[in-house]
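# A closer look at the structure
Spelled out, the chains give:
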Amino acid sequence: MTRPVVIVGASMGGLRAAETLRKSGYAGRLVVIGDEPHAPYNRPPLSKEVLAEQVDHAAVAFPIAEVLEDVEWVLGNAVVSSDLDAQTITLADDTVIEYNLLIIATGLRPRRLSMPGAPTRGAHAIRTLDDAMALRPELKPGAKVVVYGAGFIGCEAAATATKLGASVTVVGKGPVPMLRPLGHQLAEDIQRRHEAHGVRFVMKTQLTEILGDDKVTGVVLDNGETLECDVLIESIGSLPNTEFLEGNDIDIASGVHVNSTLHALHQNGTPWSNVFAIGDVARFPIPQFDPTTRRVEHWNIPTEMARKVGKQVALQLGEDAEAHATELAKNFAPIPSFWSDQFEVSLLAYGLLDQGEEVRLLEGEVGGDCIYGYFKGEDMVGVCGIGMRSKVMSYRNKVGLTATA
Amino acid sequence: MLKIHVDMEKCQHYGQCVFDAPNVFRLNDDDKLEYEATADDSEQDNVQLAVDICPMQAITFTKAD
Ligand SMILES: Cc1cc2nc3c(=O)[nH]c(=O)nc-3n(C[C@H](O)[C@H](O)[C@H](O)COP(=O)(O)OP(=O)(O)OC[C@H]3O[C@@H](n4cnc5c(N)ncnc54)[C@H](O)[C@@H]3O)c2cc1C
Ligand code: SF4
């Protein structure tokens, strides 16, 4: 049998890569492997609609396009190790698969607190559908909820839990929630809006102990305060799923390091010709900003990377060397984009906000609908609005650094 | 010809579709999605991109003569 193209990770990135491969003319064997039991589904609703309503997999599943009819899906089975020189991967059930070409789309998993002896019942993280379904029945009216970690997912979960009638305290390390992605002004503004809905914030604080025997009953903070709670939502960041690549000569420090054509790199920086990474797990350069590489955990990135890799790989395995060379000459240069919904606050952003050295109010007013620009010198590196979406969108093409080519 | 449908119960007016198929989708002055219910076949690739990128998976289309 001919060696297949293997995609590890059966979520949005993996799915879109498979689709693009087929649409770009790759007709050979295509295997998609995912450790979750579910076919690919949409993750953003997990901290929003899925928590708020009684929905199941069908409500968030991505439609499977006809072109994927003959894809070999391996679900509920993790890739546990790999030998990139021999071009093999090994699954949890000991199956070994030889591949021709490997696309890594394994995403992230939540970082969890590890406190020896701490109860696990009542402690939750939100990354998978099963996570969200396990959490939902606990968010009852009157439930006391502590959200530990004040990033996007934590703040969205806090808003959703509050809307369901729970009383919510967010505990965070920084001075304000979502400081790094949004900057001070906007973060403070959003904190005030959360507070107006009854969310309490305990900032510049860390959790030191989880109370309870087999079920969480409270948490102790390093300011000495004890908070009673029934539910603890841990949203303290994520870790890239790269363990199955260990032992190979591949740079997996903080995600799979890829170049502008999304080839995974050896430790010395030279590319693997037949290993690619896409989506949340990939650490990549964005040439219109700066030479540093970063992971960008935003919605449009897996799809845009998948489109690039799918097309490029189909051409690599096809007959038209010239078309492949043309595609290889195109650098991956996305404009990161995200949105977030928290109570009535609907954020829409473009660019790399955390690269901004100065934040300016561009339109509207603090506390109402408004748009902030994030500037490095005179260059706008990011824009973020509360409301005013069509105006925010009109700034999208202005985002980037002018100094770089 | 393409027949396009957006499930307005699902659509959150994020406008992600607008960049992929600007001839078909736009946000109006009230930031609400407006779209053309029919489009030329030449828009099919763009509309498919919009279908894929829509965070609420609210867009569907069929090909009609
Ligand atoms: C709760 C939540 C809310 C979000 N909300 C927003 C939002 O409002 N706006 C926004 O812009 N973005 C949001 N995002 C981010 C967005 O969903 C992600 O960027 C996107 O899901 C990443 O897709 P991916 O395919 O790269 O990775 P993932 O979706 O993480 O998929 C990776 C898949 O690979 C599997 N896997 C991992 N290791 C292995 C292995 N060894 N073998 C087999 N399979 C493996 C994983 O289980 C998973 O199914 C949110 C994310 C979450 C979790
Ligand atoms: S991308 Fe989807 S949710 Fe957003 S405006 Fe378009 S149809 Fe609506």
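I will try to describe carefully the structure that is included in this document.

Calculation criteria
- Every chain is numbered on its own, with residues counted from 1 as its sequence reads.
- The order in which chains are written sets their letters, starting at A; the order in which ligands are written sets their numbers, starting at 1.
- At least 70 in pLDDT is required for a residue's local features to be given in this predicted model, at least 80 for side-chain atom pairs to be given and counted, and no such filter applies to totals for whole chains, interfaces and linings, which use all residues.
- Working from all heavy atoms in the structure, the side-chain values ignore hydrogens and water.
- For the purposes of this entry, the term helix denotes a DSSP run of H or I that reaches at least four residues, the term strand denotes a run of E that reaches at least two, and both are numbered from the N terminus.
- The globule rule used for comparison is 2.2 Å times the number of residues to the exponent 0.38, while the radius of gyration itself is calculated over C-alpha atoms.
- The cut-offs for exposure are 20% and 50% of the maximum accessible area for each residue type, with area from a 1.4 Å probe on protein chains only; residues under the lower value are buried, those over the upper are exposed, and the others partly exposed.
- Note on contacts: a residue pair is in contact if any heavy atoms of the two residues lie within 4.5 Å.
- The method behind every accessible area is Shrake-Rupley, applied with a 1.4 Å probe, and residues are considered shielded solely by the protein chains displayed.
- A residue counts as positive if it is Lys or Arg and as negative if it is Asp or Glu; His and the chain ends are not included.
- Every charge is mapped to an atom, namely NZ of Lys, CZ of Arg, CG of Asp or CD of Glu.
- If even one non-hydrogen atom of a residue comes within 4 Å of a molecule or strand, that residue is called near it.
- In the analysis that follows, any N or O atom pair within 3.5 Å is treated as a polar contact, provided that within protein one partner can donate a hydrogen and the other can accept it, and provided that, for residues neighboring in sequence, both atoms belong to side chains.
- Amino acids outside the nonpolar list (Ala, Val, Leu, Ile, Met, Phe, Trp, Tyr, Cys, Pro) and the charged list (Asp, Glu, Lys, Arg) are all regarded as polar, and Gly is one of them.
- Only the six-membered ring of Trp is used, alongside the rings of Phe and Tyr, when aromatic pairs are assigned; centres must lie within 6.5 Å, and planes under 30 degrees apart are stacked while those over 60 apart are edge-to-face, with the rest tilted.
- We call two strands paired when DSSP finds no fewer than two bridges between them.
- Throughout, buried area stands for the accessible area (probe radius 1.4 Å) lost by two parts on being put together, summed over both.
- Criterion for a salt bridge: a side-chain nitrogen of Lys or Arg within 4 Å of a carboxyl oxygen of Asp or Glu.

A few words now on the overall build of chain A. The number of helices and strands found in chain A is 10 helices and 27 strands. In terms of overall size, chain A behaves like a compact globule, its C-alpha atoms giving a radius of gyration of 22 Å where 405 residues would be expected to give roughly 22 Å. If one aligns the C-alpha atoms of chain A with their principal axes, the spans along those axes are about 65 × 55 × 40 Å. Sorting the 405 residues of chain A into buried and exposed places 58% on the buried side. Pairs at least 24 residues apart make up 62% of the contacts formed inside chain A by residues separated by at least 6 positions. For chain A, the accessible area works out to roughly 16,400 Å², and carbon and sulfur atoms hold 51% of it. Positive and negative side-chain charges of chain A, numbering 36 and 52 respectively, have mean locations separated by a distance of 4 Å.

Moving on, we get to unusual backbone geometry. All names here are of chain A. Phi at serine 254 is positive, roughly 55 degrees, even though this residue is not glycine. Considering the arrangement of structural elements, one finds serine 254 in the loop between strand 17 (238-240) and strand 18 (256-257). Exposure remark for serine 254: the relative accessible area of 43% places this residue in the partly exposed category. The phi dihedral of phenylalanine 343 is positive, around 50 degrees, even though this residue is not glycine. Residue placement: phenylalanine 343 occurs in the loop between strand 23 (337-342) and strand 24 (345-351). Its relative accessible area of 14% is what places phenylalanine 343 among the buried residues.

Further remarks concern the site of ligand 1. All names here are of chain A. Among the 34 residues in the neighbourhood of ligand 1, the closest are listed as Ser11, Asp35, Glu36, Arg43 and Lys48. In the environment of ligand 1, an oxygen atom lies 2.6 Å from a nitrogen or oxygen atom belonging to the side chain of serine 11. Measuring from an oxygen atom of ligand 1, one finds a side-chain N or O atom of glutamate 36 at 2.5 Å. Elements that contribute at least two residues to the shell around ligand 1 include exactly helix 1 (12-23), strand 2 (30-34), helix 5 (152-163) and strand 23. When the residues that make up the shell around ligand 1 are grouped by side-chain class, the tally is 16 nonpolar, 10 polar and 8 charged.

Further remarks concern the site of ligand 2. Taken together, 13 residues are adjacent to ligand 2, and Cys11, Tyr14, Gly15, Cys17 and Cys54 of chain B come closest. In terms of residue class, the shell around ligand 2 is made up of 9 nonpolar, 4 polar and no charged.

On to the side chain of serine 337 of chain A. Tracing the backbone through its elements, the reader meets serine 337 of chain A in strand 23. Residue serine 337 of chain A is classed as buried on the basis of its relative accessible area of 3%. Within the structure, serine 337 of chain A has its side chain in polar contact with the side chain of glutamine 16 of chain B (distance 3.4 Å).

Before going further, it helps to examine the packing of aromatic side chains. By the definition in use, this model includes 6 aromatic pairs over all chains. The interplanar angle of 45 degrees and the centroid separation of 4.7 Å between the aromatic rings of tryptophan 339 of chain A and tyrosine 14 of chain B together place this pair among those described as tilted. Residue tryptophan 339 of chain A is located in strand 23, and its partner tyrosine 14 of chain B is located in the loop between strand 1 (2-6) and helix 1 (16-20); the two belong to separate chains. With respect to class, tryptophan 339 of chain A is no different from tyrosine 14 of chain B; both count as buried.

Residue and element names in this part refer to chain A. Of the two faces of strand 16 (residues 231-234), both are covered, the one formed by Val231 and Ile233 as well as the one formed by Leu232 and Glu234. One ladder, built from 2 bridges, connects strand 9 (residues 123-124) with strand 16; its direction is parallel. Counterpart to alanine 123 in the pairing with strand 16 is leucine 232. When strand 10 (residues 144-148) meets strand 16, the two strands line up parallel, connected through 4 bridges.

What follows is about the interface of chain B and chain A. Across the contact, 19 residues belong to chain B and 22 residues belong to chain A. The junction of chain B with chain A conceals about 1,800 Å² of combined surface from both sides, 50% of it contributed by carbon and sulfur atoms. Ranking the residues of chain B by area buried against chain A places Tyr14, Phe19 and Asp52 of chain B at the top, with a combined share of 35%. The tally of links between chain B and chain A comes to 2 salt bridges. Aspartate 52 of chain B is the partner of arginine 16 of chain A in a salt bridge, and the nearest nitrogen-oxygen pair spans 3.7 Å. Linking chain B with chain A are 12 residue pairs in polar contact (both at pLDDT 80 or more). Put simply, the parts of the chain that give the side of chain B that touches chain A at least two residues each are helix 1 and helix 2 (44-53) of chain B.

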